[in-house]
Amino acid sequence: MCVTAVESRPAGVALTPSPGGHRPYGARVKAFVALTKPRIIELLLITTVPVMFLAAQGVPDLWLVLTTTIGGYLSAGGANALNMYIDRDIDALMDRTSQRPLVTGMVSPRECLAFGIALAVISTLWFGLLVNWLSAGLALGALLFYVVVYTMLLKRRTSQNIIWGGIAGCLPVLIGWSSVTNSLSWAAVILFAVIFFWTPPHYWPLSMKVKEDYARVGVPMLPVIASNQVVARQIVLYSWVMVGVSLLLTPLGYTGWFYLSVALLAGGFWLWEAHGLQNRARAGVSGSKLKEMRLFHWSITYVSLLFLAVAVRSTRR
């Protein structure tokens, strides 16, 4: 669940309880929804549903799409809530997370923990009973990997956090495939690899933008411990591997010319942006002129276009 969206509320606009501890019902509902990080989950579903089209070799059963989508939201939402519970100490010190429900007091830590565990249990049973138990196991594995491996073990200890922690964000691809076939295939593995190599160059530009936040709380994101030149070089390296892996679907017979065209055009523009960022970093450009967020925003468009092409191609078979 390392796919990322920027918090929409500006710093300083707090959703705080009113004097006397009263917490309005409507605000409380919004706060619990916010615990699930809906904008991030939107991106996760973009990598799940198109894969279902590819697995079905056409339009999958719409009831299956609906149940898989709901299960994915519940599972990812549970993981995100537990992530906020664990990170509530540093969230209070970071500008971009200072308005999260636990920081503002709209939701208590105990409520957040119970909510996250409940979603984890419900989502696992939902997948197992309404989809299949392979998908249930993968969803639970993604949740545990994000919460335990990334949030608890890696995030505060190593700059490799987003690389290996990003595996959790790759598993929705496998869930999408297994929900249709109750099995896995090389096509799913290739798309898993695309998201694996996509995650670091997607997240590092955002980390470059907010590295002061991470430095303040001692989280060793790569931009905190390395120069912009080093980070940009790593972004370019991962970007080339990502684009190369994305092209494997066609020669292996899973997709045709339409997907290949989208992958080449979108990937080519990504590499243009990545190398542009590297050139600016090499020239010593910093601050707003570095324009690192251009690549971050394009990364979201890129993955949306690529997986949309997977779905469109599948419906034309």
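Our subject in this report is the structure included herewith. (Residues numbered from 1 in each chain as written. Predicted model: local features only at pLDDT ≥ 70, side-chain atom pairs only at ≥ 80, totals over all residues. Heavy atoms only, no water.)

Scanning the entire structure with this criterion turns up nine aromatic pairs. With centroids separated by 5.7 Å and ring planes inclined at 50°, the aromatic side chains of Trp164 and Phe196 adopt a geometry described as tilted. Here Phe196 lies in helix α11 (residues 186-209) and Trp164 lies in helix α9 (residues 161-165), a separation of 32 residues in the sequence. Since its relative accessible area comes to 13%, Phe196 is described here as buried. Plain terms: the ring middles of Trp270 and Tyr302 are 5.1 Å apart, the flat faces sit at 65° to each other, and that makes the pair edge-to-face. Within this pair, whereas Trp270 is found in helix α15 (residues 257-282), its partner Tyr302 is found in helix α16 (residues 292-315), the two being separated by 32 residues in sequence. Tyr302 shares its class with Trp270; the two are buried. The lysine or arginine in question, Arg88, covers the ring of Tyr85, its NZ or CZ lying 4.3 Å from the ring centre. (Phe/Tyr/Trp six-rings, centres within 6.5 Å; stacked < 30°, edge-to-face > 60°. Helix = DSSP H or I, 4+ residues; strand = E, 2+ residues; numbered from the N terminus. Buried < 20%, exposed > 50% of the residue type's maximum accessible area, 1.4 Å probe, protein only. Lys NZ or Arg CZ within 6 Å of the ring centre and 35° of its normal.)

Take the nonpolar core next. A general tendency of soluble globular proteins is for nonpolar side chains to be buried together. Of all hydrophobic cores here, the largest spans 84 residues; its most connected members are Leu191, Trp204, Ile235, Trp270, Tyr302 and Phe307. With 14 residues, α11 is the single largest residue contributor to this core. With residues up to four places along the chain from it excluded, the contact list for Phe307 reads Ile46, Thr47, Pro50, Val51, Val173, Leu191 and Ile195. (Core = buried A, V, L, I, M, F, W, Y, C linked by side-chain atoms within 4.5 Å. Contact = heavy atoms within 4.5 Å.)

The next point concerns the pattern of salt bridges. A side chain with one charge may pair with a side chain of the opposite charge, provided their charged atoms come close. All chains considered together, the criterion is met by seven salt bridges. Put simply, Asp91 and Arg100 hold a salt bridge, and the shortest N to O gap is 3.3 Å. For the pair Asp91 and Arg100, a shared accessibility class is recorded, and that class is buried. A salt bridge links Asp213 to Arg216, with the nearest nitrogen and oxygen atoms 2.7 Å apart. Remark: Arg216 and Asp213 occur in helix α12 (residues 211-217); sequence separation between them is three residues, near one turn of the helix. By relative accessible area, which is 5% here, Asp213 ends up buried. On the accessibility criterion, Arg216 (45% relative accessible area) is partly exposed. One salt-bridge network, in which partners are shared between bridges, spans Asp87, Asp89, Lys155 and Arg156. (Salt bridge = Lys/Arg side-chain N within 4 Å of Asp/Glu carboxyl O.)

Once that is clear, we can look at a nonpolar patch on the surface. A cluster of nonpolar side chains, Ile117, Val121, Leu125, Leu129, Leu130 and Trp133, forms an exposed patch at the surface whose accessible area comes to about 610 Å². Counting residues per element, the nonpolar patch draws most heavily on helix α7 (residues 109-130), at five residues. Along the chain, the position of Leu125 falls in helix α7. Here Leu125 falls in the partly exposed class, since its relative accessible area comes to 43%. (Patch = residues over 30% accessible without salt bridge, like charges linked within 9 Å, V, L, I, M, F, W, Y side chains within 5 Å. Areas by Shrake-Rupley, 256 points an atom, 1.4 Å probe, with all protein chains shown as cover.)

Once that is clear, we can look at the environment of Met293. By the element assignment, Met293 lies in helix α16. Expressed as a C-alpha distance, the spacing of Met293 and Lys209, which sit 84 residues apart in the sequence, is 7.3 Å.

In this model, Gln57 sits at a positive phi of 55°, which is unusual for a non-glycine residue. In this fold, Gln57 is placed in the loop between α3 (49-56) and α4 (62-86). Given a relative accessible area of 43%, Gln57 falls into the partly exposed group. At Lys291, a residue that is not glycine, the phi angle is positive and equals roughly 55°. In this fold, Lys291 is placed in the loop between α15 and α16.

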